[in-house]
Amino acid sequence: MSMNNENAEASTEAPEKKKRIHDQAPSELFAEFMRSGWSASDLDDLQPLEVVTYAYARRQVLSAAFPGIRLVLPAGGYKVRANDTDYQYRPHSAFAYYSGVQGADSTADAVLVMEPTEGGHLTYLYIHPRSTRDTDAFYRDAKYGELWVGRRYTLAEAKARYQIDTRLVNDLEGFLKEERETLIIRGEDAMVDGAVKKHDREEEFVTFVSEQRLVKDPYEIAEMQKAVDASALGFNDVISVIPAAVATPRGERVLEAAFYGRARVLGNDLGYSTIVGAGAHACVLHWIRNDGDVHMGELVLVDAGVEVESFYTADITRTLPVSGKFTPAQRSLYMLVYESQLAGFAAIKPGVKFSEINKACQEVLARGLADMGVLTVSAEESLKPEIGLHRRWTLHGVSHHLGLDVHDCAQARKENYMDKELEEGMVLTVEPGLYIQPDDELFEPEYRGIGIRIEDDVVVTADGCRNLSEDIPRHPDEIEKWMKSILR
Ligand SMILES: [Mn+2]
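Residues numbered from 1 in each chain as written. Predicted model: local features only at pLDDT ≥ 70, side-chain atom pairs only at ≥ 80, totals over all residues.

## Side note on the overall build of the chain
Move 1: Each helix and strand counted, the chain has 17 helices and 17 strands in total.
Move 2: With 488 residues in all, the chain has 42% of them scored as buried.
Move 3: Taking the contacts inside the chain whose residues are at least 6 apart along the sequence as the reference set, 67% of them involve residues at least 24 apart. (Helix = DSSP H or I, 4+ residues; strand = E, 2+ residues; numbered from the N terminus. Buried ≥ 20, exposed ≤ 12 C-beta atoms within 10 Å, placed from the backbone. Contact = placed C-beta atoms within 7 Å.)

Take a look at the structure:
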């Protein structure tokens, strides 16, 4: 990483009394010298982002739901990885949703405040603006100074970009301490938590901001298509390094790294930790260690998604034959999952309950498993909720909302999620799977240790759904063709 600040003098005090290096003031001569001799660098041609009108409309909905109450949405701060190194910064999804702030523009500790006024709310974006050359901070502050971490927007620049009035975040604490009914997202920003008393509608507020995202606006759907398209290229990259993965110890990491490269080059980051499970590792649902070898003849399950600059993510799973060809046992299990997914797609249309997607997929899987003779009851019996024997191999539900968070709208109430009718504009995953553990004696040996999941991202349309990830091959014949076209 970086060196220490060479402008600080070494301390001779005992370690426990030692000041942090950046606490030490520079000489007046040095400070004066550092402040002078720079050319002007304001950005005066910044255009409003496309998201501006959408973010405004989202805030209008929120405003109407909580009239007369101050609403506070913190972006959150850096999270420590170890000692003085932090994780890559990523703002809270509710902050991103209502502010529109995105990508590298997004700075730690920003807070969106909606101040009640007659007939609605006025919105303020509180930020750490850039540390200009007339401050000491630009070279002394290792956390925010622009010689250390890069330039941020001035208040005027951020306003031009997001069309929201901007204020200094350092002035926010005093502002929040004024007596006023206030709702916050708690647990993201210690200063905000400390300044604002608990309100009995806080949980309702958190639920509301989660449920508002259940139906996506056209901007969001376009961003999610971008995330899916970038992920499609990531899967091409994964296939292209399969020979290297086979040749390298811990080959799963080779595949993981290929996808990660694409996520960082085309997007902001991964939307979640990539799962790469070769062979029986595919039967471990959240296998993110990815430290296994990759062998010829196995399947490898890759569950990965690129998060684009606006922080929307894809969530896609493909299960690929390492050799480029499915064995008969692999193909027969794969086709069962494939048919199950088709039933899931077919179940999706406005007015149908969310939970019906799972029902449609599970029905196909249970019938297939019954036909294979591994169930001790009929498919009908197994499908009764209180019985569910087939779940030994299906393990999880087949759908969740997708958006800024990979498991989007997670604070929504059950009646507005599982038990809710689908609406046009919802974005969902459809991801049935079958997982035959390597020690499962109910299956013949050639099936043991096979894990298969096929996961696509769909948007609910007026009369059905549109698969955003349709272009990523799914059928075994298409997968074999796809792999051949990359690996030949
Ligand atoms: Mn998923």
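## A short note on the nonpolar core
Move 1: Grouped together as the largest cluster of nonpolar side chains are 119 residues, with contacts concentrated most on L73, V111, L255, V300 and L434.
Move 2: No other element matches helix α10 (residues 218–240), which puts nine residues into this core.
Move 3: Per-domain counts for this core show at least three residues from each of domain 1 (52–213) and domain 2 (215–487).
Move 4: Once residues lying within four places of it in the same chain are set aside, the contact partners of L434 are L333, L336, V337, L365, W393, T394 and I452. (Core = buried A, V, L, I, M, F, W, Y, C linked by C-beta atoms within 7 Å. Domains from an automatic or database assignment.)

## Brief notes about the pairing of strand β16 (residues 456–460)
Move 1: With five of five residues buried, β16 lies mostly within the body of the structure.
Move 2: Taking every second residue as pointing to the same face, both faces of β16 are buried, with D456, V458 and V460 on one and D457 and V459 on the other.
Move 3: Bridge count for strand β13 (residues 427–430) against β16 is four bridges, and the pairing is antiparallel. What sits directly across from T429, in β16, is D457.
Move 4: Summarising the sheet, β16 and strand β17 (residues 465–467) pair through three bridges and their orientation is antiparallel. Each bridged residue has a counterpart across the sheet, and for V458 the counterpart in β17 is N467.
Move 5: Taking the residues that link successive antiparallel strands as the turn, the β16-β17 hairpin has four residues. (Pairing = 2+ DSSP bridges.)

## Regarding the packing of α10 against helix α12 (residues 251–266)
Move 1: Packing of α10 against α12 brings their axes to within 8 Å, and their N-to-C directions diverge by 150 degrees. When you trace α10 past α12, the crossing you get is right-handed. Each of A230, L233, G234, D237 and V238 in α10 lies in contact with α12, whose residues at this interface are L255, A258, F259, G261, R262, A263 and L266.
Move 2: Residue composition of the contact of α10 with α12, by class: eight nonpolar, two polar and two charged. (Axes fitted to C-alpha atoms, helices over the stretch in contact; angles between N-to-C directions. Left-handed = near helix turned anticlockwise from the far one by under 90°. Nonpolar A, V, L, I, M, F, W, Y, C, P; charged D, E, K, R; others polar.)

## Regarding the packing of helix α13 (residues 328–347) against helix α14 (residues 355–371)
Move 1: Their axes nearest at 8 Å, the elements α13 and α14 cross at an angle of 150 degrees. Between α13 and α14, the crossing angle belongs to the class labelled roughly antiparallel. The two elements α13 and α14 meet at a crossing, and its hand is right-handed. Judged by residue contacts, L336, E339, S340, Q341, A343, G344, A346 and A347 of α13 engage E356, I357, A360, C361, E363, V364, L365 and G368 from α14.
Move 2: For the contact of α13 with α14, the per-class residue count stands at nine nonpolar, four polar and three charged. (Parallel < 35°, antiparallel > 145°, perpendicular 65-115°, else oblique.)

## Side note on unusual backbone geometry
Move 1: Located in the positive-phi region is D109, a residue other than glycine, with phi close to 70 degrees.
Move 2: Looking at the secondary structure, you find D109 in the loop between α3 (93–99) and β4 (111–117).
Move 3: On the basis of neighbour counts, which here come to 23 C-beta atoms within 10 Å, the residue D109 falls in the buried class.
Move 4: One non-glycine residue with positive phi stands out, namely R250, at about 55 degrees.
Move 5: Tracing the chain through its elements places R250 in the loop between α11 (242–247) and α12.
Move 6: On the neighbour-count criterion, R250 (14 C-beta atoms within 10 Å) is partly exposed.

## Regarding the sheet that holds strand β12 (residues 316–321)
Move 1: With antiparallel pairing, three strands are arranged side by side in an open sheet as β9-β10-β12. Looking at the sheet topology across the chains shown, the edges are occupied by β9 (275–278) and β12. If you compare each strand with its neighbour and ignore which way they point, the axes differ by 10 degrees on average.
Move 2: Bridging between β9 and strand β10 (residues 299–304) involves four bridges; their strand directions are antiparallel. Looking at β10, one finds that V276 is bridged to V302.
Move 3: Contacting β9 and β10, α12 crosses the sheet at an angle of about 150 degrees to β9.

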